[in-house]
Amino acid sequence: MSRYRIDPMPAPADPSLLTALEKIETATLGHVRLTGMVDRGIRALDPRQPARAGVAVTLALPAMCSTLMHHAVSLLRPGDMLIVDRLGDDRFACLGGAVARAAKMAGAAGVVIDGPVTDLAEILAEGLPVWSRGPAQLTTRRLELGGTLNRPVSCGGVPVLAGDIVLGDASGVVVMPADEAAAEAEAGLAREGRVARTMDRLAAGERLGDITGVNARIADLTDPKDPKK
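Engineer: How would you sum up the overall build of the chain? Please name residues and give values.
Structural biologist: Secondary structure summary: the chain contains eight helices and eleven strands in total. Oriented by its inertia axes, the alpha-carbon framework of the chain measures out at about 75 × 35 × 35 Å. Within the chain, contacts between residues at least 6 apart in sequence are counted, and of these 76% link residues at least 24 apart. If you sum the accessible surface of the chain, you get close to 12,000 Å²; carbon and sulfur atoms cover 55% of it. Averaged over its 26 positive side-chain charges, the chain has a centre that lies 3 Å from the centre of its 28 negative ones.

Structure below.
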């Protein structure tokens, strides 16, 4: 029996959808979504790295083994976001400089790992957007222990299916079903527009509570003439 369970690569997303999502902050989705929020312990390796959106390619790796990681990176396409479930391990780094270069050259949108990485300087030099649980000096080895590719995984407490849409930025990572992504992009862009107008009004000297209406609401609730008091 094979130790590997490998399903086909998911269908690519419309590049215009990914471009639209990259104009939205994950925090914008955090205002309206309750699901798909990856644990905040999985952070951007470089807080200055741009927001990236991509199609989830899902990988589950046994703790010490990186054999399937090398195979998965060899299959990545432009617009893919590699999501790595480390099956509970937080000691062995499965991504370093060489893997980062391979993923970058394949055109991957980024890599999200529920575990550590190594070779930080090399990864940063490659410019590959990476979200992880931080650095480690202990690394995986090609031990052929098995794993799964493009089958359901868990990353930061969130279930992820191959083909889901993933958005990551300095605030974190959000995963959503592909059939919800277009609506989220449209709603998110509208909300970003409202935020931009609020920022302009703040710059013009208005008070936040007046803009949002909470000052008037609190004044109404605390009015001593209110017959309800």
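Past the structure itself, the notes keep going.
Engineer: Explain the nonpolar core residue by residue, including any values.
Structural biologist: Membership of the largest hydrophobic core comes to 25 residues, with the highest contact counts inside it found for Leu59, Met69, Leu76, Leu82, Val84 and Leu95. Residue contacts for Met69: discarding those within four places in its chain leaves Leu59, Leu61, Leu82, Val84, Cys94, Leu95 and Val99. Val38, Ala60, Cys155 and Val173 belong to the second-largest nonpolar core, a separate cluster that totals 17 residues.

Engineer: Residue-level account of unusual backbone geometry, with values.
Structural biologist: With a phi angle near 60 degrees, Asp119 is a residue other than glycine that sits in the positive phi range. With respect to the secondary-structure elements, Asp119 resides in the loop between strand S5 (110-113) and helix H5 (120-126). When its relative accessible area of 35% is taken as the criterion, Asp119 is described as partly exposed. Although it is not a glycine, Glu144 adopts a positive phi angle of roughly 55 degrees. Tracing the sequence through the fold places Glu144 in the loop between strand S6 (130-132) and strand S7 (147-149).

Engineer: How would you summarise the pattern of salt bridges if you had to cite specific residues and measurements?
Structural biologist: For the coordinates displayed, the defined rule picks out 13 salt bridges. A salt bridge links Glu180 to Arg33; the shortest N-O distance between them is 2.9 Å. With Glu180 in helix H6 (residues 178-203) and Arg33 in the loop between helix H2 (26-30) and strand S2 (43-44), this residue pair connects regions lying 147 residues apart in the sequence. Residue Glu180 is classed as partly exposed on the basis of its relative accessible area, which comes to 32%. Judged by its relative accessible area of 8%, Arg33 is buried. A salt bridge links Arg86 to Asp89, with the nearest nitrogen and oxygen atoms 3.5 Å apart. Assessed through its relative accessible area of 11%, Asp89 is described here as buried.

Engineer: Requested: an account of the packing of helix H3 (residues 67-75) against helix H4 (residues 97-106), with residues and values cited.
Structural biologist: Taken N-terminus to C-terminus, the directions of H3 and H4 make an angle of 20 degrees; their axes are 8 Å apart at the nearest point. The angle between H3 and H4 falls in the class roughly parallel. Judged by the sense of rotation from one axis to the other, the crossing of H3 with H4 is left-handed. Judged by residue contacts, Met69, His70 and Val73 of H3 engage Val99, Ala102, Ala103 and Ala106 from H4.

Engineer: Describe the environment of Thr198, listing the residues and the values that go with them.
Structural biologist: Checked against the element boundaries, Thr198 lands in helix H6. The exposure class assigned to Thr198 is partly exposed, which follows from its relative accessible area of 22%. In this structure the C-alpha to C-alpha distance between Thr198 and Ile211, which are 13 residues apart in sequence, comes to 7.3 Å. With sequence-adjacent residues up to four places away left out, Thr198 is seen in contact with Leu208 and Ile211.

Engineer: Before we move on, could you go through the side chain of Thr28 and cite the residues and values that matter?
Structural biologist: By the element assignment, Thr28 lies in helix H2. Excluding residues within four positions of it along the chain, Thr28 makes contact with Gly188, Arg191 and Glu192.

How each quantity is defined
- Residues numbered from 1 in each chain as written.
- Predicted model: local features only at pLDDT ≥ 70, side-chain atom pairs only at ≥ 80, totals over all residues.
- Heavy atoms only, no water.
- Helix = DSSP H or I, 4+ residues; strand = E, 2+ residues; numbered from the N terminus.
- Contact = heavy atoms within 4.5 Å.
- Areas by Shrake-Rupley, 256 points an atom, 1.4 Å probe, with all protein chains shown as cover.
- Lys, Arg positive; Asp, Glu negative; His and termini not counted.
- Charge placed at Lys NZ, Arg CZ, Asp CG, Glu CD.
- Core = buried A, V, L, I, M, F, W, Y, C linked by side-chain atoms within 4.5 Å.
- Buried < 20%, exposed > 50% of the residue type's maximum accessible area, 1.4 Å probe, protein only.
- Salt bridge = Lys/Arg side-chain N within 4 Å of Asp/Glu carboxyl O.
- Axes fitted to C-alpha atoms, helices over the stretch in contact; angles between N-to-C directions.
- Parallel < 35°, antiparallel > 145°, perpendicular 65-115°, else oblique.
- Left-handed = near helix turned anticlockwise from the far one by under 90°.

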